[in-house]
Amino acid sequence: MDNIWNEMYEAAKAVLSPKQVSEYVACGEVSAAVLSKTGKIYTGVCIDTCSTLGICAERNAIFNMMTNGEYEIEKVLCIPPNEGKGAPCGACRELIVQLMPDSYKNIEVMLDYSKGEVITMGELTPHWWIG
Ligand SMILES: [Zn+2]
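None of the values given here were measured: they were computed from a predicted structure. For every chain, the first residue of the written sequence is number 1, and numbering continues from 1 along that sequence. Local features in a predicted model are, by the rule used here, given only for residues with pLDDT of at least 70; side-chain atom pairs are given and counted only at 80 or more, and totals for whole chains, interfaces and linings are based on all residues. Calculation of side-chain values draws on the structure's entire complement of heavy atoms; hydrogens and water are dropped beforehand.

A.B. asks: Before we move on, can you summarise the pattern of salt bridges with the specific residues and values?
C.D. replies: Each reported salt bridge corresponds to a side-chain nitrogen of Lys or Arg within 4 Å of a carboxyl oxygen of Asp or Glu. Taken as a whole, this structure holds five salt bridges when the rule is applied. Across the salt bridge formed by K37 and E72, the nearest N and O atoms sit 4.0 Å from each other. Within this pair, whereas K37 is found in the loop between β2 (26–36) and β3 (41–48), its partner E72 is found in the loop between α2 (57–67) and β4 (73–79), the two being separated by 35 residues in sequence. Only protein chains enter the area calculation, which uses a 1.4 Å probe; residues under 20% of their type maximum are buried, those over 50% are exposed, and those in between are partly exposed. The class for K37 is exposed, based on a relative accessible area of 52%. By relative accessible area, E72 is classed as partly exposed at 37%. When the shortest N-O distance is used, the salt bridge between K115 and D112 registers 3.9 Å. On the accessibility criterion, K115 (66% relative accessible area) is exposed. Under the scheme used here, helices are H or I runs from DSSP no shorter than 4 residues and strands are E runs no shorter than 2 residues, and both carry numbers assigned from the N terminus.

Shown next, in the form of structure tokens:
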């Protein structure tokens, strides 16, 4: 497996820390890392709230990347609960496609870190509702 996936995994693992922050807010049960076009790794955790105010770890990581002035993703990795297997949800895929409508299909997504199973966004989302 490409060493950058290991770096992304370690970065995501470093912020993985499930916490009940208040009666209504929990965070950190899932963490994610995105690799930007410039080779930097940005992380995020999921935030779960009442009334759908929360956010997935992947989108939080992408927003972190954008907060830091970067807008192009190369790779996405998330650590789901119990370090299981998982791909970005529909909302996260939608954000990725809207962010990079002409090139999102080349973005690589780690589907199962334990097996090194990688899939492209083009395989996950071959047809976009607008494009
Ligand atoms: Zn999501």
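Alright, that's what it looks like, and here's the rest.
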